[in-house]
Amino acid sequence: MRPLSFSLAACGALLAGCAATGGGTGPSAVKPEQLSGALNRVSWGVNLGTYQQAEKVGYDAWLEQQLHPGAARLPAAAQAQIDAMTITRKPLPQLNQDLEQQRKDADKITDDDQKKAAQQAYQQELNRIAKEAATRSLLRDLYSPNQLQEQMTWFWMNHFNVHQGKSNLRVLVGDYEDNAVRAHALGKFRDLLSATLRHPAMIRYLDNEQNAAGHINENYARELMELHTLGVDGGYSQRDVQELARILTGVGVNMGTATPNVKKELQAQYVRQGLFEFNPNRHDYGNKEFLGQTVKGRGLAEVDEALDRLCRHPATAHFVSRKLALYFVADEAPPALVERMAATFQSTDGDIAAVLRTMFTSAEFAQSLGRKFKDPAHYVVSAVRLAYDDKVVLNTGPMLYWLNRMAEPLYGRQTPDGYQLTQSGWASPGQMTTRFEIAKAIGSGNAGLFKTDGPQAQERAAFPQLANALYYQSLQKTISPATRQVLDQATSPQEWNTFLLSSPELMHR
């Protein structure tokens, strides 16, 4: 092994190019020689298994399977971890009820020390539940055959962002991700928007449970238009925000088991679905003027009318299409591509898969391959996928730690705008140094991914084999001469792995 000075020098040579673009280009749709690049973009990161599958059926057929996936079958070892989770075994209402009872029991304790210990135990349980959700998310990103569905789940979780640190959202985020977002990630945008609106995580995060007739809270109404649908330049006014807030009055949550005492004449309007509640006592039944049209006051049906109007607005088609192109194609979304995607959005009534197909089959997409800088989540997941293929990790803790270090923890964005999707947010020198440390941990096999926590810890030997068929058949062709020169100077498999994982090419997708 050469001295550390060589490793740091080589690291510097690699990291110096990490902010540069790389990879192949093509004048039209994806060509055979671009297969690994396309898979690297559509999936959470190319690995040998995904490459072989796509090569066998052809890229177009593989893409169609991704756009319209069947039920995902994860490797048994990954599924077993998910099946053992509390969030899998307990429906959200039951899980919430158990945690609420724990919180109430802690509050009743009169001894200060005992009360503090009980309250700490409650907080620790909230943390454990949230960690389960994050672990499940990472296991699916790593091993689900429905890679595009998992990517779109992350994208929509970022688009419809909620922060787990508020109130008891740590109990809610797993269900929000699984049932509100993942279930609609490739379906109709209107269904997805409605599912997020009716989920207690969104209602609580953006304070709509405090929104009632005579006590209007505009927070959710504003973000619903500015961040979720029309965009900040979508042509709405402050009056529209106020009127949408009035429409949303009564949309809230019920974390208990009791039903509110609804006025007799309004009881038929009351709705309770899980923890979602529409309480007509709190609703403003006056008529509203929203986006230039009257919405007649009649209860929860007003919300559906408003969502229809928002989803069919041309500004929403453009705003969502541009954000998808920003995420999947380039930091400067190509205007002509965005217009074609927006046209598809409108002609298909917001069919997400159809919009994605327009994008993925475009010349702009093919030309962009290898040039989109990875945010921390994409770097971490793609590195583990490439290093270990379908060998299931025993512990996602190191991955969660890395995401925290790089300031992109799952469910950790405090503001509703979500994490940045462009290179400028993630290409700082500090980020690059951290990525080299992660590359070294994974490349040496000492990352702790195959060692469980706890008193009866298990550990499996797992050394990554990156110099494999995928590298020699495909990835090697995308590697620059400068990177190859550094790889040729590696004096051990561990060092070679580290240099590859920290190369400029592995920083892009």
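Residues numbered from 1 in each chain as written. Predicted model: local features only at pLDDT ≥ 70, side-chain atom pairs only at ≥ 80, totals over all residues. Heavy atoms only, no water.

Regarding the overall build of the chain
Per the secondary structure count, the chain includes 25 helices and 5 strands. Relative to the compact-globule value of 23 Å for 509 residues, the chain shows a C-alpha radius of gyration of 24 Å, a close match. Across the 509 residues that make up the chain, the buried fraction comes to 56%. Surface summary for the chain: the accessible area is close to 20,900 Å², and the carbon and sulfur share equals 49%. Averaged over its 53 positive side-chain charges, the chain has a centre that lies 2 Å from the centre of its 53 negative ones. (Helix = DSSP H or I, 4+ residues; strand = E, 2+ residues; numbered from the N terminus. Rg over C-alpha atoms; globule rule 2.2 N^0.38 Å. Buried < 20%, exposed > 50% of the residue type's maximum accessible area, 1.4 Å probe, protein only. Areas by Shrake-Rupley, 256 points an atom, 1.4 Å probe, with all protein chains shown as cover. Lys, Arg positive; Asp, Glu negative; His and termini not counted. Charge placed at Lys NZ, Arg CZ, Asp CG, Glu CD.)

Remarks on the sheet that holds strand 3 (residues 276-278)
Strands sit in the order 1-3-2 across an open sheet of 3 strands; the sheet is antiparallel. Single-partner strands in this sheet number two, and they are strand 1 (251-253) and strand 2 (271-273). Direction aside, neighbouring strands of the sheet carry axes that sit 25 degrees apart on average. Alignment of strand 1 against strand 3, held across 3 bridges, turns out to be antiparallel. The residue bridging Val 251 from the neighbouring strand is Phe 278, located in strand 3. (Pairing = 2+ DSSP bridges. Axes fitted to C-alpha atoms, helices over the stretch in contact; angles between N-to-C directions.)

Remarks on the environment of Asp 304
The topology assignment puts Asp 304 in helix 15 (residues 301-311). A relative accessible area of 28% means that Asp 304 is categorised as partly exposed. Considered as a pair, Asp 304 and Arg 190 are 114 residues apart in the sequence and their alpha carbons are 9.6 Å apart. Dropping the residues within four chain positions of it, Asp 304 is found in contact with Arg 190 and Arg 198. (Contact = heavy atoms within 4.5 Å.)

As for helix 16 (residues 314-328)
The terminal C-alpha atoms of helix 16 lie 21 Å apart, and with 15 residues this matches the ideal 21 Å at 1.5 Å per residue to within 8%. Burial of helix 16 is extensive: 11 of the 15 residues sit out of reach of the surface. Looking only at helix 16, the buried set comprises Ala 315, Thr 316, Ala 317, Val 320, Ser 321, Lys 323, Leu 324, Ala 325, Leu 326, Tyr 327 and Phe 328. (Expected span 1.5 Å × (residues − 1).)

Section: the packing of helix 3 (residues 48-57) against helix 23 (residues 469-478)
Where helix 3 meets helix 23, the axes come as close as 10 Å, and the angle between the chain directions of the two elements is 65 degrees. Along this stretch, helix 3 crosses helix 23, giving a crossing that reads as left-handed. Only Ala 469, Leu 470, Gln 473 and Ser 474 of helix 23 make contact with helix 3, whose side of the interface consists of Leu 48, Tyr 51 and Glu 55. Residue composition of the contact of helix 3 with helix 23, grouped by class: 4 nonpolar, 2 polar and 1 charged. (Left-handed = near helix turned anticlockwise from the far one by under 90°. Nonpolar A, V, L, I, M, F, W, Y, C, P; charged D, E, K, R; others polar.)

A closer look at the packing of aromatic side chains
Both the distance between ring centres and the angle between the ring planes are used here to describe each pair of aromatic rings. According to the stated counting rule, one finds 16 aromatic pairs in the structure shown. Aromatic side chains Tyr 471 and Tyr 472 sit 5.1 Å apart centroid to centroid with 80 degrees between the ring planes, which places their arrangement in the edge-to-face category. Look at Tyr 471 and you get buried, because its relative accessible area is 4%. Among the aromatic residues, those joined into a ring-pair cluster are Trp 44, Trp 154, Phe 155, Trp 156, Phe 160, Phe 189, Tyr 327, Phe 328, Phe 345, Phe 360 and Phe 365. Across from the ring centre of Phe 450, 5.7 Å away, lies the NZ or CZ of Lys 391, which sits over that ring. Above the ring of Tyr 327, the side-chain terminus of Arg 509 is found at 5.1 Å from the ring centroid. (Phe/Tyr/Trp six-rings, centres within 6.5 Å; stacked < 30°, edge-to-face > 60°. Lys NZ or Arg CZ within 6 Å of the ring centre and 35° of its normal.)

Quick word on helix 9 (residues 147-159)
An α-helical turn contains 3.6 residues, so any two residues separated by three or four positions project in the same direction. Compared with the 18 Å implied by 1.5 Å per residue over 13 residues, the 18 Å span of helix 9 between its first and last C-alpha is a close match. With 13 of 13 residues buried, helix 9 is to be regarded as a mostly interior element.

Remarks on the packing of helix 22 (residues 429-444) against helix 25 (residues 493-501)
Two elements in contact, helix 22 and helix 25, have axes separated by 8 Å at closest approach and are oriented at 140 degrees. In terms of orientation, helix 22 lies oblique with respect to helix 25. Our pair here, helix 22 against helix 25, has a crossing hand that is right-handed. Residues Phe 436, Ala 439, Lys 440, Ile 442, Gly 443 and Ser 444 of helix 22 form the contact with helix 25, whose participating residues are Gln 494, Asn 497, Thr 498 and Leu 501. Split by residue class, the contact of helix 22 with helix 25 holds 4 nonpolar, 5 polar and 1 charged. (Parallel < 35°, antiparallel > 145°, perpendicular 65-115°, else oblique.)

Keep in mind these numbers describe shape, not what the thing actually does.
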